[in-house]
Amino acid sequence: MIPTPSTSHVSFDRIYEPAEDSFLLLDTISSEEESAWLCRRFSKEIDQSPLFIVEAGTGSGVVLAFAAANPKEIFGRSDVLTLGTDVNRDACKATRQTVLRAVDDKRMGYPGEDGLFSRLDLMPGVDPGESGSVLEVENAETGKETHFLASMTTDLCAPLRARNVDVLFFNPPYVPTPDMPPLPPPSTADESSSMSKWEKFERDSYLLSLTYAGGLDGMETTNRLLDAIPEVLNPWRGVAYVLLCGQNKPEMVKERICDWGGGWTAEILGADNMQAGWERLVVLRICRDGPGAASPSTVTKG
Amino acid sequence: MSLQKVLGKTMQLDDRKSSGEKTDRLRRSIDSATTIPNREVDDLCEAFVMRVITINFITCAVKACKASASSFPLHFQDVEVEQQEVHFEPAFIQNLLPRIDWTGLRTTAIELGFPTVPDIKPNNDTLDEPMLRDLHRLLLETQVVEGKLVCGNCGHEYSIKDGIANFLLPDHLGSSPSLET
C-alpha cells in the first residue's frame, strides 16, 4: 500500500480531516486495476506533455498530495503539475504544505505513516546504516518533474481555463441537508484575528459545514462540479474521480453522465469493498471514451 | 444544530471504524494520527508561492468572461515575485511547451519584466538549452508572492496574498445557486 500523506500539521477545527471517503479515493486510484488503466490512458507514447492534475475542494490536501508524491506508481510517469482549489483559505495553506511534505517524504525515502514496513524491508542485503542513501538514489527522480503550481481560494473550478485538466479529483460535501450554506464572499478569505471566541466558533462551524452539507440528495455542489466537467477536462485524455455516497444515487448520476453524449461515460468503482457502516461510498470515474478519446491531445508541438 | 451536522460526515465514518473491519482504509485512518517530525520543507512551505506557469491554466472566474478572448491571460499588477531554485529538467520544459499559450506567456513575461521570451514559440529546431533555461526560470522558478490578477474583459481584480490567489466572487458576480437562498 502506498503510504497516506502526512497531515499532522493541519488544524482540523475548520478543515475536513481525512477520513474513509478520502482513503477510498486513495485506494481506488492506486489499486492495481485502476493504475493500470491510468498508465494506459496517460502513456507517454500517446502524449508526452506533462499531466495537469487538479483537486477541487482539497481540504487538507491529502488526495492531491498522494497523487503528487506517487505519480509513477499511479500514472506510470513522474512529470506532473498539480493545483488545488478550496473556498477556505486555511485549507489552501494546508494543502500546499501537505503536498510539498508528501513529495519531500517520498524523495527522502521516508516509509510514510504506515509504520508497518519500510521499503528497506523489501531490499535484503542493504545495510540499514547506508539505507538512507540507497533510498534517496532510488527515489531521486521523485520531485524533479513534479511541480506544485498553486493553491487557490475559489469555488470549485471557477477560474480554470477550458479543456486543460487531465486528472480532476473531488471529494464533495455529499451529505443530504435541508439547505445549503452560502459560499463565502471574497472578503472572508482574509484572516481576521480580532474575533471573539464565539465568532470563531461560528466561523469554524460554517467552514466545516461547507465540507459536508450537500443540500438536496447531497448533490447540489456535486452537480455544479459535474456541469463543469465537459468544459474543464481535456477532451482527449482527461478523467475525473468524484466520490459519492449511496444517498447521492450513484447509479442515476452515472446514467445522467452517459446521457451527456459526446462519448462521455461514467464507471462506478470501489463499490464492492465498501459495504460496512450505514452509508455506501463509491468513486465515480468520468471520462470521454468515444472515438478519438485518449489519442494525441489537441495541442501539437511547435 | 450546526455542530451536530458537522459530525454528520465524520460520524458515519466513525461508525465504520468502530465496526472493527480491518481494511486498508482503516489502517490509513489510524496511521494518519501518528506524527513525524517537521523538517526543512516546512520552512519551504512558508515561503512557497504561486508559480508563474499557473497563469497558463487560469482565466477570469466570472462566467460571462469565459467566452471573451480578452479574459486570458489574466494580467499581473503590483506584483512582488521571488525566485526559488528548482531542479532543471530540459525534457520536462520541452514537453510542457505544447501546453503553453505562447501569446499569453509573452504578455505575462512583459508584465513581470522578463525580456527574454521570443516572439514566436520555438519549435524543436530552434529550441536550445539557454532558451529552455530561461523558460524554466520564468515558468517554474519565478513565484508570485503578492499582487493582483486583473481580467482584461471585465476588469475584476483578484488579490494574491502569500501566494494564494483569491477567486471568490462577490454575490452579484457569483454563479452559485446557493447564494439566492
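Residues numbered from 1 in each chain as written. Chains lettered and ligands numbered in written order. Predicted model: local features only at pLDDT ≥ 70, side-chain atom pairs only at ≥ 80, totals over all residues. Heavy atoms only, no water.

Student: Before we move on, can you summarise helix α5 (residues 102–111) of chain B with the specific residues and values?
Tutor: All names here are of chain B. Within α5, burial applies to Trp102, Gly104, Leu105, Thr108 and Ala109. One side of α5 holds all its buried residues, which, seen down the axis, span an arc of 150 degrees. In this structure, α5 carries Thr103 and Ile110 as exposed residues pointing more than 90 degrees from its buried face. Contacts made by the buried residues of α5 are with β2 (75–83) and α6 (129–141). One side-chain oxygen of the residue at the start of α5 lies 3.3 Å from the amide nitrogen of Thr103, identifying that residue as Asp101. Positive phi shows up at Gly113, right after α5, with a value of about 75 degrees. (Buried < 20%, exposed > 50% of the residue type's maximum accessible area, 1.4 Å probe, protein only. Helix = DSSP H or I, 4+ residues; strand = E, 2+ residues; numbered from the N terminus. Arc of directions from axis to C-beta. Contact = heavy atoms within 4.5 Å. Polar contact = N/O pair within 3.5 Å; in protein donor to acceptor, adjacent residues only side chain to side chain.)

Student: Can you break down the side chain of Thr98 of chain A residue by residue, with the values?
Tutor: Residue and element names in this part refer to chain A. By the element assignment, Thr98 lies in helix α5 (residues 89–108). In this structure the side chain of Thr98 is engaged in a polar contact, spanning 2.8 Å, whose partner is the backbone oxygen of Ala94. If sequence neighbours within four positions are ignored, Thr98 has contacts with Pro5, Ser6, Thr7, His9, Val10, Ser60, Gly61, Val62 and Ala65.

Student: Can you lay out the packing of aromatic side chains for me, pointing to particular residues and giving the numbers?
Tutor: Counted by the stated rule, this structure contains six aromatic pairs over all chains. Each ring, one from Trp260 of chain A and one from Trp264 of chain A, has its centre 5.8 Å from the other, and the planes form 75 degrees; the classification is edge-to-face. Taking the relative accessible area as the measure of exposure, Trp264 of chain A reaches 9% and is therefore buried. Against the face of Phe72 of chain B rests Arg161 of chain A, its NZ or CZ located 3.9 Å from the ring centre. In this structure, Arg288 of chain A is placed above the aromatic ring of Trp236 of chain A, and the distance from its NZ or CZ to the ring centre is 5.9 Å. (Phe/Tyr/Trp six-rings, centres within 6.5 Å; stacked < 30°, edge-to-face > 60°. Lys NZ or Arg CZ within 6 Å of the ring centre and 35° of its normal.)

Student: Can you break down the state of the cysteines residue by residue, with the values?
Tutor: Using the criterion set out here, one finds zero disulfides over all chains in the structure. The closest cysteine sulfur to the non-disulfide-bonded Cys65 of chain B is located on Cys154 of chain B, 3.6 Å from its own sulfur. (Disulfide = S-S within 2.5 Å.)

Student: An account of helix α9 (residues 250–258) of chain A is requested, with residue identities and associated values reported.
Tutor: All names here are of chain A. Buried residues of α9: Pro250, Val253 and Ile257, and no others. Seen end-on, α9 carries its buried residues on one side only, within an arc spanning 60 degrees. In α9, the exposed positions that point more than 90 degrees away from the buried face belong to Met252 and Glu255.

Student: Explain the pattern of salt bridges to me, using residue names and the numbers behind them.
Tutor: Residues and elements named next belong to chain A. Enumeration according to the criterion identifies 21 salt bridges over all chains in this entry. Linking Asp204 and Arg14 is a salt bridge whose minimum nitrogen-to-oxygen distance equals 2.8 Å. Of this pair, Asp204 sits in helix α7 (residues 197–212) while Arg14 sits in the segment before α1 (20–30), and the two are 190 residues apart along the sequence. On the basis of relative accessibility, which here comes to 8%, the residue Asp204 falls in the buried class. Note that Asp79 and Lys44 form a salt bridge whose closest N and O atoms lie 3.9 Å from each other. On the criterion of sequence distance, the pair formed by Asp79 in the loop between α4 (71–75) and β2 (80–86) and Lys44 in the loop between α2 (32–41) and β1 (51–56) is long-range, its members being 35 residues apart. Among the charged side chains, a salt-bridge network with shared partners connects Arg14, Asp90, Lys200, Arg203 and Asp204. (Salt bridge = Lys/Arg side-chain N within 4 Å of Asp/Glu carboxyl O.)

Student: Give me the pairing of strand β4 (residues 157–161) of chain B: which residues, what numbers.
Tutor: Residues and elements named next belong to chain B. Alternating residues of β4 divide into Tyr158 and Ile160, all buried, and Glu157, Ser159 and Lys161, none buried. Direction of pairing for strand β3 (residues 142–150) relative to β4: antiparallel, over a ladder of four bridges. Across the sheet, residue Leu149 finds its bridge partner in β4, namely Tyr158. From the end of β3 to the start of β4, which pair antiparallel, there are six residues, and Gly155 there has a positive phi angle of about 80 degrees. Sheet analysis places β4 next to strand β5 (residues 164–166), joined by two bridges and oriented antiparallel. Bridging across to β5, Lys161 finds its partner in Ile164. (Pairing = 2+ DSSP bridges.)

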